[in-house]
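Summary of structural features
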Amino acid sequence: MKKLVIFDLDGTLLNTIADLAAASNHALQQCGFPTHSPASYPFFVGNGVTKLLERILPEDERNPTTLQKMRTHFGEYYDSHCTDLTEPYPGIRRLLDNLTDRGIAIAVASNKYQEAVTRLINHYFGSYTWAAVEGQKEGWPVKPDPSIVFDILSKCPTPKQQVLYVGDSGVDMETARRACVESCGVTWGFRPEKELAAGYADHIVHTPEEILSLATSDEL
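Criteria and thresholds
Residues numbered from 1 in each chain as written. Predicted model: local features only at pLDDT ≥ 70, side-chain atom pairs only at ≥ 80, totals over all residues. Heavy atoms only, no water. Buried < 20%, exposed > 50% of the residue type's maximum accessible area, 1.4 Å probe, protein only. Helix = DSSP H or I, 4+ residues; strand = E, 2+ residues; numbered from the N terminus. Pairing = 2+ DSSP bridges. Right-handed = clockwise from strand over helix to strand, strands pointing away. Axes fitted to C-alpha atoms, helices over the stretch in contact; angles between N-to-C directions. Parallel < 35°, antiparallel > 145°, perpendicular 65-115°, else oblique. Left-handed = near helix turned anticlockwise from the far one by under 90°. Contact = heavy atoms within 4.5 Å. Nonpolar A, V, L, I, M, F, W, Y, C, P; charged D, E, K, R; others polar. 1 Å grid on protein atoms, 1.4 Å probe; cavity = no way out; pocket = protein on both sides within 12 Å on 5 of 7 lines; lining within 4 Å. Points joined across faces, edges and corners; volume = space filled by probe spheres on them.

Attention now moves to the pairing of strand E7 (residues 182-186). With respect to burial, E7 is a largely interior element, five of its five residues being buried. Burial of E7 is two-sided: the residues Glu 182, Cys 184 and Val 186 facing one way and the residues Ser 183 and Gly 185 facing the other way are all buried. By the bridge criterion, four bridges tie strand E6 (residues 163-167) to E7 in an arrangement that is parallel. Following the sheet pairing, Tyr 165 is matched in E7 by Ser 183. On the question of chirality, the crossover connecting E6 to the parallel E7 by way of helix H7 (residues 170-179) is right-handed.

This part covers the packing of helix H4 (residues 92-101) against helix H9 (residues 208-216). The geometry of a pair of packed helices is captured by two quantities: the angle between their axes and the separation between those axes. In the contact formed by H4 and H9, the axes pass within 9 Å of each other and the chain directions differ by 15 degrees. The orientation of H4 relative to H9 falls into the category roughly parallel. Here H4 and H9 pass one another in a crossing that is right-handed. On H9, the residues that touch Ile 92, Arg 94, Leu 95, Asn 98 and Leu 99 of H4 are Pro 208, Glu 209, Ile 211, Leu 212 and Ala 215. Of the residues contributing to the contact of H4 with H9, the split by class is seven nonpolar, one polar and two charged.

Evaluation of the coordinates by the stated rule reveals two cavities of 30 Å³ or more. Considering only enclosed or pocket space, the largest cavity measures out at about 220 Å³ in volume. Forming the walls of the largest cavity are 19 residues, and the residues nearest its centre are Asp 10, Val 45, Gly 46, Asn 47 and Asn 111. Among the elements of the structure, helix H2 (49-56), strand E4 (105-113) and H7 are those that each provide at least two residues to the lining of the largest cavity. If you tally residues by element for the lining of the largest cavity, the top one is E4, at three residues. Each pocket or cavity is described by its volume, and for the second largest cavity that value is around 60 Å³. Around the second largest cavity, the lining residues are Ser 110, Asn 111, Gly 135, Gln 136, Lys 137, Trp 140, Pro 141, Val 142, Lys 143, Asp 145 and Ile 148. Of the residues belonging to the lining of the second largest cavity, the class tally is four nonpolar, four polar and three charged.

Below is the structure:
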């Protein structure tokens, strides 16, 4: 049985895409650029806000000055609207209940900036005791660099063979691989199943109940 399950946030615990798209399009409008369809945003996200904003800008406008302006407008909007349309995926609260009832620690490892991660976890999952809630912090590398996983393990010491890392993207699968922990890709998030397979996911699941089975199996 696993002792610690580390979750990605966006596309894994929470469907945040509508609020991310709204904040991104707001920043584009404020800076005088064309916006994108909300349906295109699942392929823009995954490597942190700065990379998201870089991807949605016209190629000839991807410079530090414009990115900083975009980041300011994005943050001002998102900080006030990050819970407007965001919802936990079906079955996630039940999964967290079952994990914590069994004494399995839970943690978050996200490329979203720390303040937003903290706000979202407190808003949607504030009743749970988290071993660690880690977002992107100034001076820290983003996933797939494994530093965020090592930081969590420093706060919740756990043998790596007793850790399960759960995410919805190839970035998450690569993060787990680099950290030398077992990976589980979920198919309800922002990325297609083929990306999880290409990222050498140890497991690919279609429901939160399957995560519970993996975490509690004596074969792991």
